[in-house]
Structure formats: C-alpha cells, structure tokens
Amino acid sequence: MAKKDMLNVALPKGRLGEKVYDIFERAGFECPSIKEKNRKLIFENEETGVRYFWVKPSDVAIYVERGAADIGVVGKDILLESNPDIYELLDLNMGKCIMSVAAPKGYVDDNSRTLRVATKFTNVAKNFYTSIGRDIDIIHLNGSIELAPILDLSDVIVDLVETGTTLRENNLEVIEEIVPISARFISNKSSFKFKNQQIEKVVKAMAEKVGK
Ligand code: PRP
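Our subject in this report is the structure included herewith. Predicted model, so just to flag it, every value in this text is computed and none were measured. (Residues numbered from 1 in each chain as written. Predicted model: local features only at pLDDT ≥ 70, side-chain atom pairs only at ≥ 80, totals over all residues. Heavy atoms only, no water.)

**Points about the overall build of the protein**
- When you go through the protein residue by residue, the secondary structure sums to eight helices and eleven strands.
- With respect to the three principal axes, the spread of C-alpha positions in the protein is 65 × 35 × 30 Å.
- Counting only residues that meet the buried cut, the protein has 46% of its 212 residues in that class.
- In the form shown here, the protein has an accessible surface area of approximately 11,500 Å², with 48% of it arising from carbon and sulfur atoms.
- One way to put it: in the protein the 30 positive side-chain charges average out to a point 5 Å from where the 32 negative ones average out. (Helix = DSSP H or I, 4+ residues; strand = E, 2+ residues; numbered from the N terminus. Buried < 20%, exposed > 50% of the residue type's maximum accessible area, 1.4 Å probe, protein only. Areas by Shrake-Rupley, 256 points an atom, 1.4 Å probe, with all protein chains shown as cover. Lys, Arg positive; Asp, Glu negative; His and termini not counted. Charge placed at Lys NZ, Arg CZ, Asp CG, Glu CD.)

And the structure:
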C-alpha cells in the first residue's frame, strides 16, 4: 500500500490509549510493533494499512482537525472544551466519567456573590453557568484542581469525576452533574470523504467490538 493511502490514527497516550489500541487490534487493525517497549511515537503495519501515533490526549483533536491524523480517539470532555471541526463517529463507551461541579462538604452557595470556579475546562464551565444564568469568576488551572477550594482559591471546581476517590479523600463532594463523558472515535472531515471506505470499515469493526 502506498504510504499516502495508509490510515493515520492518533491515539491518546496513557492507560486509556492502550485499551483503545486493544480494540483496534481486536477489530483487525493490529500493529504488533506498538507493543515493543521503546520510546518510539509512530508505528505502522503496511498489511493492515494503519499507522498509529501516540499523542497527548488533549492534542488528539488538533491532529485530527488539521489532517495530520485521519482519525483518532479523544475524550468527550476535550471535544466539549475545544469544539474542533471534526466528525464524531462513535462512542466507544470507555473512559467513562462525569463532568461535575464539586465543592467542600456542606458548602452552601450564596447567589448574591460571583461564584469563583476553578477548572481545566474553562469553556465547559462558562457554558454551564451561562445556561443557568449564574455570574462566575473563572480560575483556569492545569491540574490538581481539587486543591483550589481547599485553599480558598475558589468556591467550587468543575472537573471530571470517575470513581469519586479524589473528591472523597479531600473532603469534597459533587454538587451538580453537568454531562457524562466517554471516549469518542473522531475523523478529519476531508479524510472522511477521501478515505471513506477505509474509515467506515474501521468504524464498523470497532462498533462491533464495543457492542454498538
Ligand atoms: C482526573 C480528574 C480528577 C480525577 C478524578 O485527574 O481531574 O482529579 O482524575 O478521578 P476519580 O474520581 O477516580 O478520583 P487526572 O488524574 O487526570 O489528573 P489532573 O490532576 O492532572 O487533572
């Protein structure tokens, strides 16, 4: 297969990405070299016509939107936050969690004050509070969001809750669920047109493996 006809797949680096690759493998798009223990970032299998690369989870949509990758897998949280111009083709039902508002246990909201909200997901938080007509002061953080209300940097946080352990261990609790999140299979728009058969084949095979 000519290199330009290969399907370029952006996978999110980390635990979720490894599980996602396993689904690609079970769906018939294996690439054994990916299992070698090294620091390589690109792996290809000319027989199955796929080329995988590991990227930071929050960068997957950028590679796909700009066509450096034809397809990829990314959390719905990132799609909601950055609203990339891509097609969302399949919910993989993995990496499930809930985008939530959380606060210190017993927190009571004072509606007359601007609410201080710490989050990585600035746009998601703004959209949510706009929809309920609440004034907020956004504090953008890059990680360990749970620290913010503990140190009185914020009143509440907007963050992903999976098992709830991080909140529990820091005396915080969910006060509102905003939206359920899971991993999504996405495609570049022009790749979807020009590599349609290849992409549809992958989507169909993946859908069968995740029970859709
Ligand atoms: C995520 C999220 C929470 C935690 C939730 O953080 O931001 O902190 O996982 O999981 P739990 O409900 O199972 O405890 P992540 O590990 O991605 O790191 P971060 O602090 O950099 O956001």
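We are not done yet, so read on.
**Notes on the site of the ligand**
- Contacts to the ligand come from K120, G143, S144, E146, D159, L160, V161, E162, T163, G164, T165 and T166.
- At a separation of 2.9 Å, an oxygen atom of the ligand approaches a polar backbone atom of S144.
- Between the ligand and the protein, one listed contact pairs an oxygen atom with a side-chain N or O atom of D159 at 2.8 Å.
- Against a free-state accessible area of 500 Å², the protein chains account for coverage of 64% of the ligand.
- Counting residues per element, the ones that place at least two in the shell around the ligand are strand 9 (156–161) and helix 6 (165–169).
- Sort the elements by how many residues they give to the shell around the ligand and strand 9 lands first, with three residues.
- Its residues assigned to classes, the shell around the ligand shows two nonpolar, six polar and four charged. (Near = heavy atom within 4 Å. Polar contact = N/O pair within 3.5 Å; in protein donor to acceptor, adjacent residues only side chain to side chain. Nonpolar A, V, L, I, M, F, W, Y, C, P; charged D, E, K, R; others polar.)

**Considering the sheet that holds strand 11 (residues 183–187)**
- Reading across from one edge, 2-3-1-4-11-5 is the order of the six strands in this open sheet, with mixed pairing throughout. The open sheet has two edge strands with one neighbour each: strand 2 (42–45) and strand 5 (87–91). Across the sheet, the axes of successive neighbouring strands diverge by a mean angle of 25°, strand direction being ignored.
- Two strands pair when backbone bridges link them, and strand 5 and strand 11 are joined in this way by four bridges, in the antiparallel orientation. Bridging from a neighbouring strand, D91 pairs with R184 of strand 11.
- Most of the contacts of helix 8 (residues 196–209) go to strand 5, to which it runs at about 25°, and overall it touches strand 1 (7–12), strand 4 (71–75), strand 5 and strand 11. (Pairing = 2+ DSSP bridges. Axes fitted to C-alpha atoms, helices over the stretch in contact; angles between N-to-C directions. Contact = heavy atoms within 4.5 Å.)

**Describing the side chain of R184**
- Examined against the element boundaries, R184 turns out to sit in strand 11.
- Accessibility expressed as a relative area gives 11% for R184, which makes it buried.
- Aside from chain neighbours lying at most four places away, what touches R184 is G72, V73, V74, K76, L79, E88, L90 and D91.

**As for the pattern of salt bridges**
- Scanning all chains against the criterion turns up 13 salt bridges.
- Between K76 and E88 there is a salt bridge, with its nearest N and O atoms 2.9 Å apart. Taken together, the residues K76 in helix 3 (residues 76–82) and E88 in strand 5 connect sequence positions twelve residues apart.
- On the basis of relative accessible area, K76 is assigned to the buried category, the value being 18%.
- Judged by its relative accessible area of 34%, E88 is partly exposed. (Salt bridge = Lys/Arg side-chain N within 4 Å of Asp/Glu carboxyl O.)

**Quick word on a positive patch on the surface**
- A cluster of basic residues, K13, R39, K56 and K120, forms a positive patch at the surface.
- Along the chain, K120 falls in the loop between strand 7 (115–119) and helix 4 (122–131). (Patch = residues over 30% accessible without salt bridge, like charges linked within 9 Å, V, L, I, M, F, W, Y side chains within 5 Å.)

Remember, this is a structural readout, not a statement about activity or role.
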